[in-house]
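Fold and contact review
Listed below, chain by chain, are the residues.
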Amino acid sequence: MGELIFNGFLLIFFAAMLVYSGQIEIWNGHVWARYWPMIILAVGVLLFAIKTWGVFRKLPKEELKFDIKIFGFKERNIQMLLVSFAWLIFYALILPKAGFIISTFIFCVGMQLLLRGKLGWQVFAVAFAITAAIYVVFVWGLGTSVPRGVGPLYDFGRWLEYLWS
């Protein structure tokens, strides 16, 4: 039943993206910029429709009844995965206000505590190293701007970006 739900979800997702891809504008006569993604998505919809139908046909009648137990919410790994998703959503919500540096540092510390469960100086050192590495790659390596935050954090982020450039 879980495989059927997963394949059905992917079928719906690819079908929605196929419909949405119809809004891609054609610029300067580049028609394939619109139709190539549509072709790929149509193939994806066709493949997932065949796969979903095949899974549906092979399931016995007693397994077609929906039961919440198939998601395994009582398993520790599933719970950790859900907490990780919630932590990622929290990171995405605070990113525009707190800026990249503080948000990413807090996110890294939280994920390490979730995975390891111990708070020590190593957690903060690894979080700082990860934040600095990602910042250097995006800002100084690729020349893009990361979210700076608001207020004094914005000024600090701008100052930090112009240090190297």
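Everything discussed here concerns the structure shown above.
Residues numbered from 1 in each chain as written. Predicted model: local features only at pLDDT ≥ 70, side-chain atom pairs only at ≥ 80, totals over all residues. Heavy atoms only, no water.

A separate point is the environment of Trp 140. Within the secondary structure, Trp 140 is located in helix α4 (residues 121–141). The spacing of Trp 140 and Leu 59 is 81 residues in sequence and 53 Å in space, taken between C-alpha atoms. (Helix = DSSP H or I, 4+ residues; strand = E, 2+ residues; numbered from the N terminus.)

Turning our eyes to something else, we now look at α4. Taking 1.5 Å per residue, 21 residues should reach 30 Å; α4 reaches 28 Å between its end C-alpha atoms and fits that length. Residues Val 123, Ala 127, Thr 131, Tyr 135 and Val 139 constitute the buried set of α4. (Expected span 1.5 Å × (residues − 1). Buried < 20%, exposed > 50% of the residue type's maximum accessible area, 1.4 Å probe, protein only.)

Secondary-structure assignment places Gln 112 in helix α3 (residues 76–116). Residue class for Gln 112 comes out buried when judged on its relative accessible area of 11%. Apart from the residues lying within four places of it in its own chain, the contact partners of Gln 112 are Gly 117, Gln 122, Val 123, Val 126 and Ala 127. (Contact = heavy atoms within 4.5 Å.)

Turning to the nonpolar core, a few remarks are in order. Grouped together as the largest cluster of nonpolar side chains are 9 residues: Tyr 91, Leu 95, Phe 100, Phe 107, Met 111, Tyr 135, Val 139, Val 146 and Leu 160. At the level of elements, α3 and α4 are the ones that each hand at least two residues to this core. Broken down by element, this core gets its largest block of residues, 5 residues, from α3. (Core = buried A, V, L, I, M, F, W, Y, C linked by side-chain atoms within 4.5 Å.)

The next point concerns the packing of aromatic side chains. Taken as a whole and assessed by the stated rule, the structure comprises 9 aromatic pairs. Between the aromatic rings of Phe 105 and Phe 124, the centroid separation amounts to 6.1 Å while the plane-to-plane angle is 20°, which identifies the pairing as stacked. Here Phe 124 lies in helix α4 and Phe 105 lies in helix α3, a separation of 19 residues in the sequence. Judged by relative accessible area, Phe 124 falls into the partly exposed class, the value being 36%. One aromatic cluster is present, formed by Phe 13, Phe 14 and Phe 48 through successive ring pairs. (Phe/Tyr/Trp six-rings, centres within 6.5 Å; stacked < 30°, edge-to-face > 60°.)

Honestly, that's just the spatial picture; any functional story needs more than this.
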